[in-house]
Structure formats: structure tokens, C-alpha cells
Amino acid sequence: MNEREEPRLSARELVERLEPSLGIGRRVRAVAALVAGVAGALFVVALWWSEPGPLPGRTQVAFGLFTAFCLVWACYGGWLVRRRVPLFATDRVIAAWIGLAASGATTVLAVVAAVQRGAAVPWPVLAVGGLFVAAALVLVVRAHTRRAALLRRLRELGGERER
């Protein structure tokens, strides 16, 4: 090797050289998730605490659930902001699973509330909730497919798998 040639880099080193930090688009989405999660949690907790009297049990559960999901999004955004290396679509997989969990839990809670209010079969609630769950499921499948393709490409280039 002469002095002009660079030493051969592994696939991981090559990827890290090409993109040493998250792109501006992903960084903006990470900050948006962080800010929206914190703002949502603060709003829901403020609304919950400002209630003049005791709330029914399922309302308490709903407030707790919405607060928890907002905090999960805030943690996700904070994790993304802290990361400074390519994620090989791990971020997409995590976001898709958060979305699926949130849409599924919200649908179940809405169906339970509708049944307790007297609806025999709450078709509108089931239809809308099912639509959200289906969309989230599509995003989970797409995220896993994209991650698998990136990891397969990394292995083809001779790199090791991300930990």
C-alpha cells in the first residue's frame, strides 16, 4: 500500500464516515417526538389534576394510559436525539411498535367505554380503531422489512450486525 491509499475500512466504519450523525430530517423528527411527548404528558397530567372531583375508574385508566404513551414518545425522541450514528432503521421499528401499542390500547379502551355506555356492538368505534391498528401494523411490517434489508446489505458488505 502506498501513502496515497487509505487502509481498507469495514462496512460499519465506511457507513459511519459517510453519515457521522443523524440527518437533519431524522433529527427534526426526533426533537418533534421529544417535544410533543413532553407537551402531551404535561397537558394530560394538568387536565387530570385540575378535575374538581373524583373521576370514574376507567377515566383514571385512560388518563394514565395517555400520559404513559406521551412519556414513551418523549423517551423515544430523547433516545433519538442522543444517538449520533446511523440506526439501521431501529428507530423506525421502535416507533412502529409504539404506534401499534398506542392504537391497540386506545381502541380497546374506547370499545370498553362504548360497551359500558350501553352500545351492544360499537361498530363505529371498532371500525375507526381497526383502521388505526391496521395502519400501525402495516408500519410495523414495513419497518421490519426495511431494517432486515439494511442489515442484509451490511452483512453483504462484510460488516457486523448492530448491537
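To keep things clear, this report deals only with the structure shown in the data block. (Residues numbered from 1 in each chain as written. Predicted model: local features only at pLDDT ≥ 70, side-chain atom pairs only at ≥ 80, totals over all residues. Heavy atoms only, no water.)

**Re the overall build of the chain**
Along the chain, the regular secondary structure elements total five helices and zero strands. Put simply, the chain runs from its N terminus to its C terminus through helices and strands in the order α-α-α-α-α. Split into buried and exposed, the 163 residues of the chain put 29% on the buried side. Sequence separation of 24 or more characterises 70% of the internal contacts of the chain that already satisfy a separation of 6 or more. (Helix = DSSP H or I, 4+ residues; strand = E, 2+ residues; numbered from the N terminus. Buried < 20%, exposed > 50% of the residue type's maximum accessible area, 1.4 Å probe, protein only. Contact = heavy atoms within 4.5 Å.)

**Side note on the packing of helix H4 (residues 90-116) against helix H5 (residues 123-156)**
For the pair H4 and H5, interaxial distance at closest approach is 8 Å and the crossing angle is 165°. With respect to H5, the axis of H4 lies roughly antiparallel. Crossing of H4 against H5: the hand is left-handed. Its residues assigned to classes, the contact of H4 with H5 comprises 16 nonpolar, eight polar and three charged. (Axes fitted to C-alpha atoms, helices over the stretch in contact; angles between N-to-C directions. Parallel < 35°, antiparallel > 145°, perpendicular 65-115°, else oblique. Left-handed = near helix turned anticlockwise from the far one by under 90°. Nonpolar A, V, L, I, M, F, W, Y, C, P; charged D, E, K, R; others polar.)

**So, the nonpolar core**
In terms of nonpolar packing, the biggest core is built from seven residues, these being Ala-30, Ala-33, Tyr-76, Leu-80, Leu-87, Ala-95 and Ile-98. For this core, the secondary structure elements donating two or more residues are helix H2 (24-49), helix H3 (57-82) and H4. In this structure, Ala-30 is in contact with Gly-77, Leu-80 and Val-81, ignoring residues within four places of it in sequence. Val-93, Leu-100, Ala-136 and Ala-143 belong to the second largest nonpolar core, which has six residues in total. (Core = buried A, V, L, I, M, F, W, Y, C linked by side-chain atoms within 4.5 Å.)

**Quick look at the pattern of salt bridges**
All chains considered together, the criterion is met by two salt bridges. When the shortest N-O distance is used, the salt bridge between Asp-91 and Arg-26 registers 3.7 Å. Placement of the pair is Asp-91 in helix H4 and Arg-26 in helix H2, with a sequence separation of 65 residues. Between Glu-156 and Arg-153 there is a salt bridge whose closest N-O contact spans 3.2 Å. On the criterion of helical spacing, the pair formed by Glu-156 and Arg-153 is a turn pair, its members being three residues apart in helix H5. Among the residues examined, Arg-153 registers a relative accessible area of 46% and is labelled partly exposed. (Salt bridge = Lys/Arg side-chain N within 4 Å of Asp/Glu carboxyl O.)

**Observations regarding a positive patch on the surface**
A cluster of basic residues, Arg-29, Arg-92, Arg-142 and Arg-146, forms a positive patch at the surface. The residue Arg-92 is located in helix H4 in this model. (Patch = residues over 30% accessible without salt bridge, like charges linked within 9 Å, V, L, I, M, F, W, Y side chains within 5 Å. Areas by Shrake-Rupley, 256 points an atom, 1.4 Å probe, with all protein chains shown as cover. Lys, Arg positive; Asp, Glu negative; His and termini not counted. Charge placed at Lys NZ, Arg CZ, Asp CG, Glu CD.)

**Some thoughts on the packing of aromatic side chains**
Throughout the structure, instances matching the rule amount to three aromatic pairs. Their ring planes at 10° and their centres at 5.7 Å tell us that Trp-48 and Phe-63 sit as a pair that is stacked. Here Phe-63 lies in helix H3 and Trp-48 lies in helix H2, a separation of 15 residues in the sequence. Owing to a relative accessible area of 23%, Trp-48 belongs among the partly exposed residues under this scheme. When its relative accessible area of 14% is taken as the criterion, Phe-63 is described as buried. Relative to Trp-79, the ring of Tyr-76 lies with its centre 6.4 Å away and its plane at 40°, an arrangement referred to as tilted. Here Trp-79 and Tyr-76 lie together in helix H3, a separation of three residues that amounts to about one turn. The exposure class assigned to Tyr-76 is buried, which follows from its relative accessible area of 9%. By way of ring pairs, the aromatic residues Trp-73, Tyr-76 and Trp-79 are connected into one cluster. (Phe/Tyr/Trp six-rings, centres within 6.5 Å; stacked < 30°, edge-to-face > 60°.)

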